[in-house]
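The chain contents come next:
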Amino acid sequence: MDYGVIVPQGWRMDLVGIPDPVEAYEAMTRVAQEAEALGYHSIWLYDHFHTVPTPTQEVTFECWTSTAALARDTKRVRIGQIVTCNSYRNPALLAKMASTVDVLSHGRLDFGIGAGWYEHEYRAYGYEYPDAPERLRHLRDALQVILAMWTQEEATFEGKYYQARGAINQPKGVQKPHIPLLIGGSGEKVTLKLVAQYADACNVGGDIPNIKHKLAVLKNHCDALGRDFNSIRRTAIVDVCAIAETESEAIAKLTQGERDNLVELRKSSLIGTPAQIRQRLAEYEEAGIQELLIHFVDAATNLESVRLFARQCMQAS
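Residues numbered from 1 in each chain as written. Predicted model: local features only at pLDDT ≥ 70, side-chain atom pairs only at ≥ 80, totals over all residues. Heavy atoms only, no water.

1. Here we look at the overall build of the chain
Quick note on the threshold: Comment: elements are numbered from the N terminus, with helices defined as DSSP H or I runs of at least four residues and strands as E runs of at least two. Restricting the calculation to C-alpha atoms gives the radius of gyration, and the globule rule supplies 2.2 Å times the number of residues raised to the power 0.38. Three exposure classes are used, based on accessible area relative to the maximum for each residue type with a 1.4 Å probe and protein chains only: buried under 20%, partly exposed in between, and exposed over 50%. Residue contacts follow a heavy-atom distance rule, with two residues in contact if any of their heavy atoms lie within 4.5 Å. The convention is simple: Lys and Arg are positive, Asp and Glu are negative, and His and the chain ends are not counted. Lys charges are placed at NZ, Arg charges at CZ, Asp charges at CG and Glu charges at CD.
The number of helices and strands found in the chain is twelve helices and twelve strands. For 317 residues, the compact-globule formula gives about 20 Å, and the C-alpha radius of gyration of the chain, at 19 Å, lands near that figure. Structurally, the chain occupies a C-alpha span of about 60 × 45 × 35 Å along its principal axes. For the chain, the proportion of its 317 residues judged to be buried stands at 56%. Across the chain, the fraction of contacts at a sequence separation of at least 24, relative to all contacts at a separation of at least 6, is 72%. Charge-centre separation for the chain: the mean point of 33 positive side chains lies 4 Å from the mean point of 40 negative side chains.

2. Observations concerning the pattern of salt bridges
Put simply, the rule is: The term salt bridge refers to a pairing of a side-chain nitrogen on Lys or Arg with a carboxyl oxygen on Asp or Glu at a separation within 4 Å.
Inspection of every chain in the model, using the stated rule, returns 17 salt bridges. Among the ionic pairs, Arg-89 bridges to Glu-62, the shortest N-O distance being 2.6 Å. You can see Arg-89 sitting in the loop between strand S4 (84-85) and helix H3 (91-104) and its partner Glu-62 sitting in the loop between strand S2 (42-45) and helix H2 (63-73), a full 27 residues away along the chain. Across the salt bridge formed by Arg-280 and Glu-283, the nearest N and O atoms sit 2.9 Å from each other.

3. Digging into the UniProt feature "domain: Luciferase-like" (unreviewed entry) in the chain
What counts here: UniProt positions are given in the numbering used here, feature names are shortened, and annotations may be inferred rather than shown by experiment.
Those places that UniProt annotates as "domain: Luciferase-like" (unreviewed entry) correspond, in this numbering, to residues 6-254. Its end C-alpha atoms 17 Å apart, residues 6-254 is made of 41% helix and 18% strand.

4. Points about the environment of Leu-192
Its location among the elements puts Leu-192 in helix H6 (residues 191-198). Given a relative accessible area of 1%, Leu-192 falls into the buried group. In sequence terms Leu-192 and Lys-214 are 22 residues apart; their C-alpha atoms lie 8.1 Å from each other. Among all residues touching Leu-192, those that are not within four sequence positions of it are Gly-185, Ser-186, Gly-187, Lys-214, Val-217, Leu-218 and His-221.

5. Digging into helix H7 (residues 208-225)
Using the following cut-off: Here, expected helix span is obtained from the residue count minus one, scaled by 1.5 Å. Counted as a polar contact is a pair of N or O atoms within 3.5 Å, where, for protein atoms, one must be capable of donating a hydrogen and the other of accepting one, and residues adjacent in sequence contribute only when both atoms are in side chains.
Over its 18 residues, H7 runs 26 Å from end to end, which matches the ideal 26 Å to within 8%, given 1.5 Å per residue. Of all the residues in H7, the buried ones are Ile-208, Ile-211, Lys-214, Leu-215, Val-217, Leu-218, His-221 and Cys-222. Of the residues flanking the start of H7, the one acting as N-cap is Asp-207, its side-chain oxygen 2.9 Å from the backbone nitrogen of Asn-210. With its phi angle positive at about 75 degrees, Gly-226 sits one or two positions after the end of H7.

6. Side note on the packing of helix H11 (residues 274-287) against helix H12 (residues 303-314)
Condition: Only the stretch in contact is used when fitting a helix axis, every axis being a line fitted to C-alpha atoms; angles between N-to-C directions are given from 0 to 180 degrees. Left-handed describes a crossing whose near helix is turned anticlockwise from the far helix through less than a right angle; right-handed describes the clockwise counterpart. Any residue outside Ala, Val, Leu, Ile, Met, Phe, Trp, Tyr, Cys, Pro, Asp, Glu, Lys and Arg is labelled polar, Gly included; the first ten of those are nonpolar and the last four are charged.
For the pair H11 and H12, the least separation of the axes is 10 Å and the interaxial angle reads 65 degrees. When you trace H11 past H12, the crossing you get is right-handed. Contact residues: H11 offers Pro-274, Ile-277, Arg-278 and Leu-281, while H12 offers Leu-308, Phe-309, Gln-312 and Cys-313. Along the lines of polarity and charge, the residues of the contact of H11 with H12 split into six nonpolar, one polar and one charged.

Below you can see the structure in the form of structure tokens.
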């Protein structure tokens, strides 16, 4: 199984305590470069404009400009978004941005996208916030525009929400036949069907039984469409990883709210010693996950967590 590091950007309050924004960005860079040096497969960025779930004045870096910068700050590791909110950028422009970043990174981009969900952020930035079914219809149109931009000489698509009318996108990127497209989300009727129709990779979350169930649903969609289920790269996200030499040290890294909810949190998180975490990693692999994207709760200020995982979990897997 491959492992990716979710780079601290601030929206999870993970850059708190670094008041200088330049130093906060350099902390991001250090995590990305250390992950690369340690042999992690990928680094990932969330797409949020301010902190979640409570808006604050803390530093939060924009996803795509940060992706472009990290493309030049690294040399080997793959770079992706987990995931881009479709509603925030016109899809033809987004496809152009991605093509440019794929060239900047010499062909290391994974393009992650989803329908969006954070209502407060939508309204704060002046975006309309349609209901979930309509946001998914927007996403369906957007996926077709993006793929047209990556594969057609003059992209043409007439959808209800988005159109491309002879749009030229040069260069289209480095990777062939196009930049790998990952769709994030677990909606069984629409989102996972969109994965089966359009995506090169999926991303799901939750506990192990939920992941198994979602992958089974995805396989059913693939079978119905005549798609090879194994042609889709299966990734999962771990929003909380607290690793230390002792369990008590690991738990001490959590917020008070997380500690109060520890029993439930453990079901979808990696918390404890390397031995405890190795056992959990085996469960993800047995469930069918091929790459695990991990948010280390203290990575911005403590690279030893990223190192400890690489040394005792990645090398042992």
